[in-house]
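Descriptive analysis of the structure
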Amino acid sequence: QAQFVESGGGMVQPGGSLRLSCAASGIIISTYNMGWYRQAPGKQRELVAGITRGGSIDYSDSVKGRFTISRDNAKNMMYLQMNSLKPEDTAVYYCNGRDYDERGWGRGTQVTVSS
């Protein structure tokens, strides 16, 4: 059974940066297609960044050039470096497998971008 624990969120001003971490257990992330998702109240959850088991990376247009997804296979962890944050990035951020690799959702970590 897969479990994900997200951390690193917080409140930052526009233009600030945060680094989110995802600690995975019950799976080996190097064998999974993984992604970072976010969900704002009243809105659909969306995939913002993904990395395949082969290491291919994709970003949503809204975060491209600002966010960087990475993983540390030795630690079985995944990260999301978020720079140049905007108020519209405010959401709860989750990590999970993608597509058929999707498992149960963790608590997520709140990111609030506000002046």
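All figures in this text were calculated on a predicted structure; none of them were measured in a lab.

**Considerations on unusual backbone geometry**
Positive phi, normally seen in glycine, also occurs at Ser84, with a value near 50°. Looking at the secondary structure, you find Ser84 in the loop between β8 (77-82) and β9 (91-97). Using a relative accessible area of 42% as the deciding quantity, one classes Ser84 as partly exposed. Unlike most non-glycine residues, Asp99 shows phi in positive territory, near 55°. With respect to the helices, strands and loops of the structure, Asp99 is situated in the loop between β9 and β10 (109-113). Overall, Asp99 belongs to the exposed group, its relative accessible area being 60%.

**So, the nonpolar core**
One finds Trp36, Leu80, Met82 and Tyr93 to be the most contacted residues of the largest nonpolar core, which totals 28 residues. Elements represented by at least two residues in this core include exactly β3 (18-25), β4 (34-39), β5 (46-51), β7 (67-72), β8, β9 and β10. With 4 residues, the top contributor of residues to this core is β3. Other than its neighbours up to four places away in sequence, Tyr93 contacts Glu6, Leu20, Trp36, Tyr37, Arg38, Phe67, Leu80, Met82, Gly108, Thr109 and Val111.

**Observations concerning the sheet that holds β4**
Spatially, the 6 strands line up as an open sheet ordered β2-β10-β9-β4-β5-β6, and their pairing is mixed. The open sheet terminates on both sides in strands that have one partner only, identified here as β2 (10-12) and β6 (57-59). Neighbouring strand axes in the sheet, compared pairwise and without regard to direction, differ in orientation by 25° on average. Of the strand pairs in this sheet, β4 and β9 are connected by 6 bridges, and their pairing is antiparallel. Of the residues in β9, the one forming a bridge with Gly35 is Asn96.

The rules behind each value
Residues numbered from 1 in each chain as written. Predicted model: local features only at pLDDT ≥ 70, side-chain atom pairs only at ≥ 80, totals over all residues. Heavy atoms only, no water. Helix = DSSP H or I, 4+ residues; strand = E, 2+ residues; numbered from the N terminus. Buried < 20%, exposed > 50% of the residue type's maximum accessible area, 1.4 Å probe, protein only. Core = buried A, V, L, I, M, F, W, Y, C linked by side-chain atoms within 4.5 Å. Contact = heavy atoms within 4.5 Å. Pairing = 2+ DSSP bridges. Axes fitted to C-alpha atoms, helices over the stretch in contact; angles between N-to-C directions.

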